[in-house]
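What follows is each chain in one-letter form.
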Amino acid sequence: MVDPSDARHSSWLRGFHEAKPGTPRLLCLPHAGGSASFFFAFSKALSPAVDVRAVQYPGRQDRIAEPPADSVQELAHGVFRALDERDETPLALFGHSMGSLVAFELARLLETAGRPPAVLFLSGRRGPSVERFENVHQGDDAQLIEEVIKLDGTDSALLRDEDLLQMILPALRADYRAVETYRRTPGPLLRSPFVVLTGDADPRVTPDEARTWSQETDGPSEVHVYPGGHFYLVPEQRAVLDRVEATLRRLAPGGGAAA
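Residues numbered from 1 in each chain as written. Predicted model: local features only at pLDDT ≥ 70, side-chain atom pairs only at ≥ 80, totals over all residues. Heavy atoms only, no water.

Overview of the overall build of the protein chain
Move 1: Looking only at helices and strands, one finds nine helices and seven strands in the protein chain.
Move 2: The long-range fraction of contacts in the protein chain, counting pairs at least 24 apart against all pairs at least 6 apart in sequence, stands at 79%.
Move 3: If you sum the accessible surface of the protein chain, you get close to 11,700 Å²; carbon and sulfur atoms cover 53% of it. (Helix = DSSP H or I, 4+ residues; strand = E, 2+ residues; numbered from the N terminus. Contact = heavy atoms within 4.5 Å. Areas by Shrake-Rupley, 256 points an atom, 1.4 Å probe, with all protein chains shown as cover.)

Details of the environment of Thr23
Move 1: Looking at the element boundaries, Thr23 is found in the loop between strand E1 (13–15) and strand E2 (25–29).
Move 2: Overall, the relative accessible area of 12% leaves Thr23 in the buried class.
Move 3: Expressed as a C-alpha distance, the spacing of Thr23 and Val50, which sit 27 residues apart in the sequence, is 5.4 Å. (Buried < 20%, exposed > 50% of the residue type's maximum accessible area, 1.4 Å probe, protein only.)

As for the environment of Ala32
Move 1: By the element assignment, Ala32 lies in the loop between E2 and helix H2 (40–46).
Move 2: A relative accessible area of 18% means that Ala32 is categorised as buried.
Move 3: It is 8.4 Å that separates the C-alpha atoms of Ala32 and Ala171, two residues lying 139 residues apart in sequence.
Move 4: If sequence neighbours within four positions are ignored, Ala32 has contacts with Met98, Leu172, Asp175 and Tyr176.

Points about the pattern of salt bridges
Move 1: A complete count under the given rule lists 15 salt bridges for this structure.
Move 2: Between Glu216 and Arg184 there is a salt bridge whose closest N-O contact spans 2.5 Å. Taken together, the residues span a long stretch of sequence, with Glu216 in the loop between helix H8 (207–211) and strand E7 (221–226) and Arg184 in the loop between helix H7 (162–180) and strand E6 (194–199) at a distance of 32 residues.
Move 3: Residue Asp242 is joined to Arg238 by a salt bridge in which the shortest nitrogen-to-oxygen separation is 3.0 Å. (Salt bridge = Lys/Arg side-chain N within 4 Å of Asp/Glu carboxyl O.)

Points about the packing of aromatic side chains
Move 1: Considering all chains together, one arrives at ten aromatic pairs under this definition.
Move 2: Summarising the aromatic geometry, the rings of Phe194 and Trp213 are spaced 6.2 Å apart at their centres and angled 75° between planes, so their arrangement reads as edge-to-face. Remark: Trp213 occurs in the loop between H8 and E7 and Phe194 occurs in strand E6; sequence separation between them is 19 residues.
Move 3: Residue classification places Phe194 among the buried residues on the basis of a relative accessible area of 1%.
Move 4: Among the residues examined, Trp213 registers a relative accessible area of 0% and is labelled buried.
Move 5: Among the aromatic residues, ring-to-ring pairing joins Phe38, Phe39, Phe42, Phe94, Phe121 and Phe231 into one connected group.
Move 6: Over the ring of Trp12 we find Arg63; its NZ or CZ atom is 4.4 Å from the centre of that ring. (Phe/Tyr/Trp six-rings, centres within 6.5 Å; stacked < 30°, edge-to-face > 60°. Lys NZ or Arg CZ within 6 Å of the ring centre and 35° of its normal.)

A few points about the nonpolar core
Move 1: Counting 68 residues, the largest nonpolar core has Leu26, Leu27, Leu29, Leu93, Phe94, Leu106 and Phe121 as the members making the most contacts within it.
Move 2: Among all residues touching Phe94, those that are not within four sequence positions of it are Leu26, Leu27, Cys28, Leu29, Phe39, Phe42, Phe121, Ser123, Leu197, Leu233, Val240 and Val244. (Core = buried A, V, L, I, M, F, W, Y, C linked by side-chain atoms within 4.5 Å.)

Looking at the side chain of Arg125
Move 1: Mapped onto the elements of the fold, Arg125 is located in the loop between strand E5 (119–123) and helix H5 (141–151).
Move 2: Judged by its relative accessible area of 13%, Arg125 falls in the buried class.
Move 3: For Arg125, the contacting residues outside a window of four places in its chain are Ser97, Ser100, Leu101, Val179, Val205, Ala210 and Trp213.

Re the pairing of E6
Move 1: The buried count for E6 comes to six of six residues, which makes it a mostly enclosed element.
Move 2: Both faces of E6 are covered, namely the face carrying Phe194, Val196 and Thr198 and the face carrying Val195, Leu197 and Gly199.
Move 3: Bridge count between E5 and E6: four bridges; the pairing is parallel. The residue of E6 that forms the bridge with Leu122 is Val196.
Move 4: Direction of pairing for E6 relative to E7: parallel, over a ladder of six bridges. (Pairing = 2+ DSSP bridges.)

A look at unusual backbone geometry
Move 1: With an omega of 5°, the peptide bond running from Ser47 to Pro48 counts as cis.
Move 2: Tracing the sequence through the fold places Pro48 in the loop between H2 and strand E3 (51–55).
Move 3: Of note in this structure, Gln61 is not a glycine but carries a positive phi near 45°.
Move 4: Turning to its location among the elements, Gln61 is positioned in the loop between E3 and helix H3 (72–82).
Move 5: With relative accessibility at 45%, the residue Gln61 sits in the partly exposed group.

Thoughts on the sheet that holds E5
Move 1: Read across the open sheet, the seven strands follow the order E1-E3-E2-E4-E5-E6-E7; overall the sheet is mixed. For this open sheet the edge positions go to E1 and E7, each flanked by a neighbour on one side alone. On average, each strand axis in the sheet is inclined to that of its neighbour by 20°, with strand direction left out of account. (Axes fitted to C-alpha atoms, helices over the stretch in contact; angles between N-to-C directions.)

Here you go:
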């Protein structure tokens, strides 16, 4: 997917475990405030049968010195440029929350380039046709932290560490700004199949809102609802990964593993 010697490329993509040659490839895109390491558990559970890569957005962890992106589209373009255009291995995308929007915009770029994704896994986010006024990014630090706590996406102990908090807040606020100002631009429907996943108690997306993703593709679309809130995929990890594996097998020629 990427030449490890190219620093520009490798800054965006992370691999945690070795995978067998010819295995399915899954590119994971994190939520607002999230990092590539959120998907370490996915990689550990799926490797070596699936080649899991995770995206590291600028402005966090080892990219802390870089300015965070201003928009979902900017993030998608950054990931797109990091992918090796010579690699013809089919690529599946898994985005959670903000990562779902980045995955969607990335899929649009890939389709335009003649490399449509094998499948999009869209988790914890309503379809882009459902617009809602949200302005958490315009609030003060306390309001931003309150929102993160409400979604249960960050260890509360980390939010009590003032030094660490000052390091993560700029990227977190930028991510919220990117999500809350995102609007889908006109364009053709995607051809890739969609697998939409959501929690039944997510305060930010209802199952009906999750189903609106089907409006964005000419391919098949299915929705799976799990017990839990916005980060349902942590306690329901095994069920989610079973769905990922089953989908990759189903989409592969002859019903085998997608290569």
